[in-house]
Amino acid sequence: MKNKLFAGILFLVGVLSLSSCDFLDDSISGDGITANARTSSDDYSKFTPSAKREMKYEIGKANVDSWTNSIGTTWIKFSVPVTNTGNVDIYLGDMSADIESSAGSLLTTKSMVNAYPDYIKPGETAYYYDETTVDFDTNGIRVIPHVDVHKSSNEVIRYDISDVSITDDKYNGIKIIGRVENKTAKKGTLVYVSANLFDTSGNLICNCFTILDNDLPAGDKVGFTCKPFAFNNISPSDIARYEIYAYPTQFNIDFGF
């Protein structure tokens, strides 16, 4: 009787040992993630640590253009591209800018210049953009940007854009209409719809944006209209391509690392 019990115990131990060995060679999965279980015979030299999460960005050439409207007011518009060259999402805070003459003399300053969009993913480019009236000679003027860039503390949220058309507008040169749809599970608050418009050479012609009148509930789809801030003789035929972003207002928290 004792021999049979002892033999039974040995058999059970053997089965458990075999089951354990088989498990080590199988795949394990949970919550949709599958990974191979490791054994002592694996070669760990082929595994390298994941890339360090690093914020990097490049500031492109600042462009400035000027025109005089029908009542003799001189306007300038300027843009500064910022490209996310790192591997983390970044947030673009307000920019300030020095406007100087061709000789380097300071003519005026501009503050609270917004970026469109304000959150960008790795590989994306946003544009700081502004239009303003001036009372000086604009020949040869330059823009010296002072950008404010941080790691994003928020998820980059983008809403779907559809049914876009660009037409002539009597007072603003062009008019953009379309629809924005919230396919996320959360309501969007103070939603921006922002359009960057480019010419055939890839240069930014202008930015125009609007803010939706109401919140954008999850699953909702509404129309929008946006126009340039000031008339500067833009027509639909000048626009070779466009990028339109729709996103809620988010407040970034800089943790300092």
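It should be noted that the structure appears before, not after, this text.
Residues numbered from 1 in each chain as written. Predicted model: local features only at pLDDT ≥ 70, side-chain atom pairs only at ≥ 80, totals over all residues. Heavy atoms only, no water.

K.L.:
Now, about the overall build of the protein chain: what can you tell me, with residues and values included?
P.N.:
Along the protein chain, the regular secondary structure elements total one helix and 17 strands. Here the protein chain holds 257 residues, and the buried ones make up 33% of them. The contacts of the protein chain with a sequence gap of at least 6 include a subset with a gap of at least 24, amounting to 67%. Just so you have it, the protein chain exposes about 15700 Å², and 51% of that area is on carbon and sulfur atoms. (Helix = DSSP H or I, 4+ residues; strand = E, 2+ residues; numbered from the N terminus. Buried < 20%, exposed > 50% of the residue type's maximum accessible area, 1.4 Å probe, protein only. Contact = heavy atoms within 4.5 Å. Areas by Shrake-Rupley, 256 points an atom, 1.4 Å probe, with all protein chains shown as cover.)

K.L.:
Report on the environment of Gly178, specifying residues and quantitative values.
P.N.:
Inspection of the secondary structure assignment puts Gly178 in strand β13 (residues 173–181). Residue Gly178 is classed as buried on the basis of its relative accessible area of 7%. As for Gly178 and Ile166, which are separated by twelve residues in sequence, their C-alpha atoms are 9.0 Å apart. Setting aside chain neighbours within four positions, we find Gly178 in contact with Ser162, Asp163, Val164, Val222, Gly223 and Phe224.

K.L.:
Hey, could you go over the sheet that holds strand β12 (residues 160–169) for me, with residue numbers and the actual values?
P.N.:
Reading across the sheet, the three strands line up as β12-β13-β16 and stay open at both edges, with antiparallel pairing between neighbours. Looking along the sheet, the strands with just one partner apiece sit at the ends: β12 and β16 (221–226). On average, each strand axis in the sheet is inclined to that of its neighbour by 15°, with strand direction left out of account. Across six bridges, the pairing between β13 and β16 is antiparallel. Each bridged residue has a counterpart across the sheet, and for Glu181 the counterpart in β16 is Lys221. (Pairing = 2+ DSSP bridges. Axes fitted to C-alpha atoms, helices over the stretch in contact; angles between N-to-C directions.)

K.L.:
Go over the sheet that holds strand β15 (residues 204–211), please, and point to the residues and values.
P.N.:
Strand order across the open sheet formed by three strands is β15-β14-β17, with antiparallel pairing between neighbours. Only two strands of the sheet have a single neighbouring strand rather than two, namely β15 and β17 (241–247). Adjacent strand axes in the sheet meet at a mean angle of 15° when their direction is disregarded. Where strand β14 (residues 192–198) and β17 come together, seven bridges link them in antiparallel fashion. Looking across to β17, one finds that Phe198 is bridged to Arg241.

K.L.:
Any chance you could break down the environment of Glu243 for me, citing the residues and the numbers?
P.N.:
Relative to the helices and strands, Glu243 is located in strand β17. Considered as a pair, Glu243 and Asn196 are 47 residues apart in the sequence and their alpha carbons are 5.2 Å apart. Those residues in contact with Glu243, other than ones at most four positions away along the chain, are Ser194, Ala195, Asn196 and Phe198.

K.L.:
Break down the nonpolar core for me, with residues and values.
P.N.:
Counting residues in hydrophobic clusters, the biggest one holds 27 residues, and the most contacted among them are Ile176, Val180, Leu197, Leu212 and Phe224. Of all elements in the fold, only β10 (125–134), β13, β14, β15, β16 and β17 reach the threshold of two or more residues within this core. Among the elements that line this core, the one with the most residues is β14, at five residues. The contacts of Leu197, once residues within four sequence positions are left out, are Ile174, Ile176, Asn203, Leu204, Ile205, Cys206, Cys208, Ile239, Arg241 and Tyr242. In terms of nonpolar packing, the next biggest core, distinct from the first, is built from 20 residues, Ile90, Leu92, Ile99 and Val113 among them. (Core = buried A, V, L, I, M, F, W, Y, C linked by side-chain atoms within 4.5 Å.)

Taken by themselves, the reported measurements are silent on function.
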